[in-house]
Amino acid sequence: MKAIQIVDLTGPDSALELVDLPEPEPAHALSPGAGVLIDVHCAGVAFPELLQTRGSYQVKPPLPFVPGSEVSGVVRSAPAAADLKAGDRVAAFCALGGFAETAVAPPFLTFALPAALDFAQGAGLILNYHTAYFALVLRGRCREGETVLVHGAAGGVGTAALQVARGLGARTIAVVSSDAKRQVALQAGADEVVRSDGPWKDEARELSGGGVDIVLDPVGGERFTDSLRSLREGGRLIVVGFTGGSIPEVKVNRLLLGNTEVIGAGWGAYAMSRLEVNGEIGEAINRMIEQGFVRPIVGERFPLERAAEALRAIDERRATGKIVLDVRAV
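Please read these numbers as outputs of a predicted model, since none were measured by experiment. (Residues numbered from 1 in each chain as written. Predicted model: local features only at pLDDT ≥ 70, side-chain atom pairs only at ≥ 80, totals over all residues. Heavy atoms only, no water.)

1. Concerning the overall build of the chain
Okay, so step 1: Each helix and strand counted, the chain has eleven helices and 15 strands in total.
Okay, so step 2: Relative to the globule expectation of 20 Å for 330 residues, the C-alpha radius of gyration of the chain, 19 Å, shows essentially globular dimensions.
Okay, so step 3: Projected onto the principal axes, the alpha-carbon positions of the chain cover approximately 60 × 40 × 35 Å.
Okay, so step 4: Going through the 330 residues of the chain one by one, you find that 53% of them count as buried. (Helix = DSSP H or I, 4+ residues; strand = E, 2+ residues; numbered from the N terminus. Rg over C-alpha atoms; globule rule 2.2 N^0.38 Å. Buried < 20%, exposed > 50% of the residue type's maximum accessible area, 1.4 Å probe, protein only.)

Now the structure itself:
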């Protein structure tokens, strides 16, 4: 099979190599002795893969390895105990190995792909939407009628968070950095959009009538303090990631004075140790798909051999929605 490997740690322009490899066995490290073998149609491209090309992600497999955590495609084989069969269209989180014509995923992170979604949308379904639901519901305690402010709102996690929040009955304020990204946020269902290069904190407080209930932040960096200031009393700031590059620090007196919270939301570590949670989140996301709230926003699409360009789009902060590799023709 054709696959992309990371062969060194010099960054996306030089770390990737298109290779021919043997197909994987139908077993996965997260489900020893059992795995769903998938003919990959599309692979999602995400920030962790960019970090992996530089050796700066927390998961550091030995070189060379096939990156790619998220795929969609058709089941070739599945364990007898799995609620899947050969020929099923699926979306799956495979952790590694997704940038290839064939991948293997654990059964508990492989889900039937609803007919309303195509393969490109399926490649953006697990990582971003499960993260958004976990962050907003299980960690952030989001309730109907609350106001949620989303940073990086035109990106993969951001657009997912806007749609999940809308599915929960919340009002959303998107923070974006350009007019083009504003249009993406509106496409994702944002109720209001403010610019990160403007007085977004004051605008958010005005739009929400004195402060937002939740800030979901996959960006980090220097805007963190203003995120705290944008909260109303009892508000929650949910930390999802640091695509902005720097990890902010909190002066905890701000939390005391405002009766606010900073909450970490690490979906991966939580979900891998509580397998039943994956099914519960998957069912909730499926309901939102059926209700029309969830429709993954697909951004640029690249063939497998141009994976470096896909990662460069993320590195240069040009990416909107989910960047996807078209691994094989439909």
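Now that the structure has been shown, the text picks up again.
2. A few points about the sheet that holds strand S8 (residues 147-150)
Okay, so step 1: Pairing is parallel across the open sheet formed by six strands, whose spatial order is S10-S9-S8-S11-S12-S13. In this open sheet, the two strands that pair with only one neighbour each are strand S10 (192-195) and strand S13 (261-264). Across the sheet, the mean angle separating the axes of adjacent strands is 20° when strand polarity is ignored.
Okay, so step 2: The sheet contact formed by S8 and strand S9 (residues 171-176) spans four bridges and is parallel. Of the residues in S9, the one forming a bridge with Thr147 is Arg171.
Okay, so step 3: This element, helix H3 (residues 126-139), spans S8, strand S11 (212-217), strand S12 (231-239) and S13 of the sheet and lies at about 145° to S11. (Pairing = 2+ DSSP bridges. Axes fitted to C-alpha atoms, helices over the stretch in contact; angles between N-to-C directions. Contact = heavy atoms within 4.5 Å.)

3. Brief notes about H3
Side chains that are three or four residues apart share a direction in an α-helix, a result of its 3.6 residues per turn.
Okay, so step 1: Summarising burial for H3: eleven of the 14 residues are buried, a large majority.
Okay, so step 2: Restricting attention to buried positions, one finds in H3 the residues Ile126, Leu127, Asn128, Tyr129, His130, Thr131, Ala132, Tyr133, Phe134, Ala135 and Leu136.

4. Some details on the packing of aromatic side chains
Okay, so step 1: Here the structure, examined in full by the defined rule, presents two aromatic pairs.
Okay, so step 2: On the numbers, 5.2 Å between centres and 85° between planes, the contact of Phe93 with Trp267 is edge-to-face. Of this pair, Phe93 sits in strand S5 (residues 89-93) while Trp267 sits in helix H9 (residues 267-273), and the two are 174 residues apart along the sequence.
Okay, so step 3: Here Phe93 falls in the buried class, since its relative accessible area comes to 10%.
Okay, so step 4: Ring geometry for Phe134 and Tyr270: centres 4.9 Å apart, planes at 45°, overall tilted. Taken together, the positions of Phe134 in helix H3 and Tyr270 in helix H9 put the pair 136 residues apart, joining distant regions of the chain.
Okay, so step 5: The exposure class of Phe134 is buried, given its relative accessible area of 2%.
Okay, so step 6: Above the face of the Phe119 ring, Arg89 is positioned so that its terminal group lies 5.0 Å from the ring centre.
Okay, so step 7: Of note, Arg274 hangs over the ring of Tyr270, and the distance from its end group to the ring centre comes to 3.9 Å. (Phe/Tyr/Trp six-rings, centres within 6.5 Å; stacked < 30°, edge-to-face > 60°. Lys NZ or Arg CZ within 6 Å of the ring centre and 35° of its normal.)

5. Some remarks on the nonpolar core
Okay, so step 1: In terms of nonpolar packing, the biggest core is built from 54 residues, with Leu125, Leu136, Trp267 and Ile285 touching the most fellow members.
Okay, so step 2: The residues contacting Ile285, other than those within four sequence positions of it, are Leu125, Tyr129, His130, Tyr133, Val164 and Val294.
Okay, so step 3: Counting residues in each nonpolar core, the second largest holds 36 residues, with Ala15, Val71, Ala92 and Ala307 among its members. (Core = buried A, V, L, I, M, F, W, Y, C linked by side-chain atoms within 4.5 Å.)

6. Quick look at the packing of H3 against helix H10 (residues 275-290)
Between two packed helices, both the angle of their axes relative to each other and the distance between the axes serve to describe the pair.
Okay, so step 1: Contact geometry of H3 with H10 gives a least axis separation of 10 Å together with a crossing angle of 100°. With respect to their mutual orientation, H3 and H10 come out roughly perpendicular. From H3, Tyr129, His130, Tyr133, Phe134 and Leu138 reach across to H10, where they touch Val277, Asn278, Ile281, Gly282, Ala284, Ile285 and Met288. (Parallel < 35°, antiparallel > 145°, perpendicular 65-115°, else oblique.)

7. Here's the deal with the pattern of salt bridges
Okay, so step 1: By the definition in use, this model includes 20 salt bridges.
Okay, so step 2: For Arg143, the salt bridge is made with Glu146, and the minimal N-O distance between the two is 3.0 Å.
Okay, so step 3: Classification of Arg143 as partly exposed rests on a relative accessible area of 46%.
Okay, so step 4: According to the relative accessible area criterion, Glu146 is buried, its value standing at 6%. (Salt bridge = Lys/Arg side-chain N within 4 Å of Asp/Glu carboxyl O.)

8. Side note on unusual backbone geometry
Okay, so step 1: Pro64 follows Leu63 through a cis peptide bond whose omega is -15°.
Okay, so step 2: Along the chain, Pro64 falls in the loop between helix H1 (47-52) and strand S4 (70-77).
Okay, so step 3: Even without a glycine there, the phi angle at Arg141 is positive, about 55°.
Okay, so step 4: The backbone of Arg317 shows a phi angle near 60°, a positive value even though the residue is not glycine.
Okay, so step 5: Summarising the element assignment, Arg317 is placed in the loop between helix H11 (307-315) and strand S15 (322-326).

9. Thoughts on the environment of Ile263
Okay, so step 1: Note that Ile263 resides in strand S13.
Okay, so step 2: Apart from residues no more than four positions distant in its own chain, Ile263 is found in contact with Arg139, Gly140, Arg141, Arg236, Leu237, Ile238 and Val239.

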